[in-house]
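# Analysis of the macromolecular model
If you want the building blocks of each chain, they are given just below.
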Amino acid sequence: MMVVVISNAPPRLRGRLAAWLVEVRAGVYVGDYSAKTREMIWEQVLAGLEAGDAVMVWKAPTDQGYDFRTAGRNRRMPVDFDGLKLVSYKPDR
């Protein structure tokens, strides 16, 4: 299972994601693909994101049972804390 959430993204990226994933809510895409396809989808997100932001979450063999990554202008950044991936918040500007 994989979930991609985007905000402030151009319509071109939304259409690209809709070709591979099901848009269950505005900007929320769900699917189930291999690691190779997941990487290809993430590359598409990075290439088309422009001024938006994105997060991808997927099932992984970790203690938490999932992994995630972020991109764009997002206050939330992943941080490894003794093998657990947590979220750190950047201060407001």
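Residues numbered from 1 in each chain as written. Predicted model: local features only at pLDDT ≥ 70, side-chain atom pairs only at ≥ 80, totals over all residues. Heavy atoms only, no water.

As recorded by an unreviewed UniProt entry, the protein chain carries the name CRISPR-associated protein Cas2 and is attributed to Rhodobacter capsulatus.

### A short note on the nonpolar core
Ranked by internal contacts, the top residues of the largest apolar core, which has 17 residues, are Val4, Ile6, Leu13, Leu17, Leu21, Val45 and Met56. Going through the elements one at a time, strand 1 (2-7), helix 1 (11-20), helix 2 (35-48) and strand 4 (53-59) are the ones with two or more residues in this core. Beyond its immediate stretch of four places on either side in the chain, Val45 contacts Val4, Leu13, Leu17 and Ala54. (Core = buried A, V, L, I, M, F, W, Y, C linked by side-chain atoms within 4.5 Å. Buried < 20%, exposed > 50% of the residue type's maximum accessible area, 1.4 Å probe, protein only. Helix = DSSP H or I, 4+ residues; strand = E, 2+ residues; numbered from the N terminus. Contact = heavy atoms within 4.5 Å.)

### Observations regarding the packing of helix 1 against helix 2
Running from N to C, helix 1 and helix 2 point in directions that differ by 170°, and their axes come no closer than 10 Å. With respect to each other, helix 1 and helix 2 are oriented roughly antiparallel. Residues Leu13, Arg16, Leu17 and Trp20 of helix 1 form the contact with helix 2, whose own contacting residues are Thr37, Met40, Ile41, Gln44, Val45 and Gly48. Here the residues of the contact of helix 1 with helix 2 sort into 6 nonpolar, 3 polar and 1 charged. (Axes fitted to C-alpha atoms, helices over the stretch in contact; angles between N-to-C directions. Parallel < 35°, antiparallel > 145°, perpendicular 65-115°, else oblique. Nonpolar A, V, L, I, M, F, W, Y, C, P; charged D, E, K, R; others polar.)

### Notes on the pairing of strand 7 (residues 84-89)
The pairing of strand 6 (residues 76-81) with strand 7 spans 6 bridges and is classified as antiparallel. Paired with Phe81 across the bridge in strand 7 is Leu84. In this antiparallel pair of consecutive strands, strand 6 and strand 7, the connection spans 2 residues, and Asp82 shows a positive phi of 50°. (Pairing = 2+ DSSP bridges.)

### Re the packing of aromatic side chains
Under the criterion given, the structure shown has 1 aromatic pair. Lying over the aromatic face of Phe68, Lys85 brings its terminal NZ or CZ to 5.2 Å of the ring centre. (Phe/Tyr/Trp six-rings, centres within 6.5 Å; stacked < 30°, edge-to-face > 60°. Lys NZ or Arg CZ within 6 Å of the ring centre and 35° of its normal.)

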